[in-house]
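Structural description and commentary
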Amino acid sequence: NAGVTQTPKFQVLKTGQSMTLQCAQDMNHEYMSWYRQDPGMGLRLIHYSVGAGITDQGEVPNGYNVSRSTTEDFPLRLLSAAPSQTSVYFCASRQGIYGYTFGSGTRLTVV
Amino acid sequence: DAKTTQPPSMDCAEGRAANLPCNHSTISGNEYVYWYRQIHSQGPQYIIHGLKNNETNEMASLIITEDRKSSTLILPHATLRDTAVYYCIVRVARTGTASKLTFGTGTRLQVTL
């Protein structure tokens, strides 16, 4: 039981490049979400999903796309990277009323 | 979801109990209190949650006042490894629709020798 797995752990992008941050969970959790955390700040919700085929926007969705074709996977796509997207990205999942399980994060730098 | 208020920082001596308060005076009857912590550079870690009764697990105890307007997270014997930012979050535990966490700035707990 690996929990929530995020890849890659570190990434450097050039402005304008696109990439996909991967997130996978093996707990059959219904809910999954993506957060970003900027230095010294709390987490902000980017996108979330309540089940396969269903996604919705969070607080800061601009510049990001998501899809949920399976229960296990919830990738986050950066369409055209900008320096303002330099951040640590966390994926999380949960089931029912229980607490979220977070991944270990992807540290992204856009130059 | 109800808003929460936490002190920005607290200190605790190792081996002593750490009592972290949270004010949620606008909490609704169907909202749960959740506690998470984030150790430097790691993903947040779920600690405990409760509705109106006190709760205890292997990590901590959660004390919720009778009027549910505030709560206290208790780490009974704090260690250096408990140094982290602790987040108190109040939200409805929906099961059929969207549910998200709104993180505030939390309480930075420093455990010292």
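Computed from a predicted structure; not experimentally measured. In this numbering scheme, every chain counts its residues from 1 along its sequence in written order. In the order they appear in the text, chains get letters beginning with A and ligands get numbers beginning with 1. This being a predicted model, a pLDDT of at least 70 is required before a residue's local features are given, and a value of 80 or more before pairs of side-chain atoms are given or counted; all residues contribute to the totals for chains, interfaces and linings. Only hydrogens and water are removed before side-chain values are computed, so all heavy atoms of the structure are retained for them.

Quick notes on the state of the cysteines
In plain terms, two cysteine sulfur atoms within 2.5 Å form what is called a disulfide here. Counted under the stated rule, the structure contains 2 disulfides over all chains. There is a disulfide in this structure between Cys23 of chain A and Cys91 of chain A, and the S-S distance comes to 1.9 Å. Because the torsion about its S-S bond is -75°, the bridge between Cys23 of chain A and Cys91 of chain A counts as left-handed. Of this pair, Cys23 of chain A sits in strand β3 (residues 19–25) while Cys91 of chain A sits in strand β9 (residues 87–94), placing them 68 residues apart in sequence. With respect to class, Cys23 of chain A is no different from Cys91 of chain A; both count as buried. There is no disulfide at Cys12 of chain B, and the cysteine sulfur nearest it, in Cys22 of chain B, is 18 Å away. Runs of E in the DSSP output that reach at least two residues are strands. Runs of H or I that reach at least four are helices, and both are numbered from the N terminus. Any residue under 20% of the maximum accessible area for its type is buried, any over 50% is exposed, and the rest in between are partly exposed; the area is computed with a 1.4 Å probe on protein chains only.

Observations concerning the confidence of the model for chain B
Detailed reading of the predicted model is not advised wherever pLDDT is low. Each residue carries a pLDDT score, the predictor's confidence in it, ranging from 0 to 100. For chain B, the mean per-residue pLDDT works out to 90, and 91% of the residues sit at or above 70. Per-element mean pLDDT across chain B ranges from 91 in strand β8 (residues 84–92) of chain B up to 98 in strand β6 (residues 61–64) of chain B.

Observations concerning the nonpolar core
All names here are of chain B. In terms of nonpolar packing, the biggest core is built from 21 residues, with Trp35, Leu73, Tyr86 and Leu109 touching the most fellow members. Within the residue set of this core, elements represented by two or more residues are β2 (18–23), β3 (31–38), β4 (45–50), β6, β7 (70–75), β8 and β9 (107–112). Ranked by the residues each element gives to this core, the list is headed by β8, at 4 residues. In these notes, a set of buried Ala, Val, Leu, Ile, Met, Phe, Trp, Tyr and Cys residues joined through side-chain atoms within 4.5 Å is what counts as a nonpolar core.

Here we look at the packing of aromatic side chains
Two measures describe an aromatic ring pair: the distance that separates the ring centres and the angle between the ring planes. When the centres of two rings from Phe, Tyr and Trp lie within 6.5 Å, Trp using its six-membered ring, the rings pair. Their planes under 30 degrees apart give stacked, over 60 give edge-to-face, and anything left gives tilted. Tallied over the entire structure, the rule returns 6 aromatic pairs over all chains. Note on Tyr100 of chain A and Phe102 of chain A: the rings are 6.4 Å apart at their centroids and 45° apart in plane angle, and the pair reads as tilted. Judged by relative accessible area, which is 10%, Phe102 of chain A ranks as buried. Summarising the aromatic geometry, the rings of Tyr36 of chain B and Tyr46 of chain B are spaced 5.8 Å apart at their centres and angled 70° between planes, so their arrangement reads as edge-to-face. In this pair, Tyr36 of chain B is assigned in strand β3 and Tyr46 of chain B in strand β4, connecting sequence segments 10 residues apart.

Considerations on the sheet that holds β7 of chain B
All names here are of chain B. If you trace the 4 strands from one edge of the open sheet to the other, you get β2-β7-β6-β5, paired in antiparallel fashion. Edge positions in the open sheet fall to β2 and β5 (55–56), since each of these has one partner strand only. For two strands to be treated as a pair, DSSP must find at least two bridges joining them. Strand direction decides the pairing type here: β5 and β6, joined by 2 bridges, are antiparallel. When the bridges of β6 are listed, Glu55 appears paired with Leu62.

Things to note about the layout of surface pockets
It is a probe the size of a water molecule, rolled over the atoms, that shows where empty space is left. Think of a 1 Å grid over just the protein atoms. A cavity is a set of points where a 1.4 Å probe fits yet cannot get out, a pocket is an open set with protein on both sides within 12 Å along at least five of seven lines, and lining residues have an atom within 4 Å of a point. Grid points are joined across faces, edges and corners, and a volume is the space filled by probe spheres set on the points. Quantified by volume, the largest pocket comes out at close to 510 Å³. Along its surface, the largest pocket is lined by 22 residues, and Gln37 and Gly40 of chain A together with Gln38, His40 and Arg108 of chain B are the ones closest to its centre. Among the secondary structure elements, those contributing two or more residues to the lining of the largest pocket are β9 of chain A together with β8 and β9 of chain B. When its residues are assigned to classes, the lining of the largest pocket shows 8 nonpolar, 11 polar and 3 charged. Think of it as three bins: nonpolar holds Ala, Val, Leu, Ile, Met, Phe, Trp, Tyr, Cys and Pro, charged holds Asp, Glu, Lys and Arg, and polar takes everything else, Gly as well.

Comments concerning unusual backbone geometry
Residue and element names in this part refer to chain A. In this chain, Thr7 is followed by Pro8 through a cis amide linkage whose omega measures -10°. Assignment of secondary structure puts Pro8 in the loop between β1 (4–7) and β2 (10–13). In this structure, Asn28 is a non-glycine residue whose phi angle is positive, near 60°. Mapped onto the fold, Asn28 is located in the loop between β3 and β4 (31–37). For Asn28, a relative accessible area of 57% corresponds to the exposed category.

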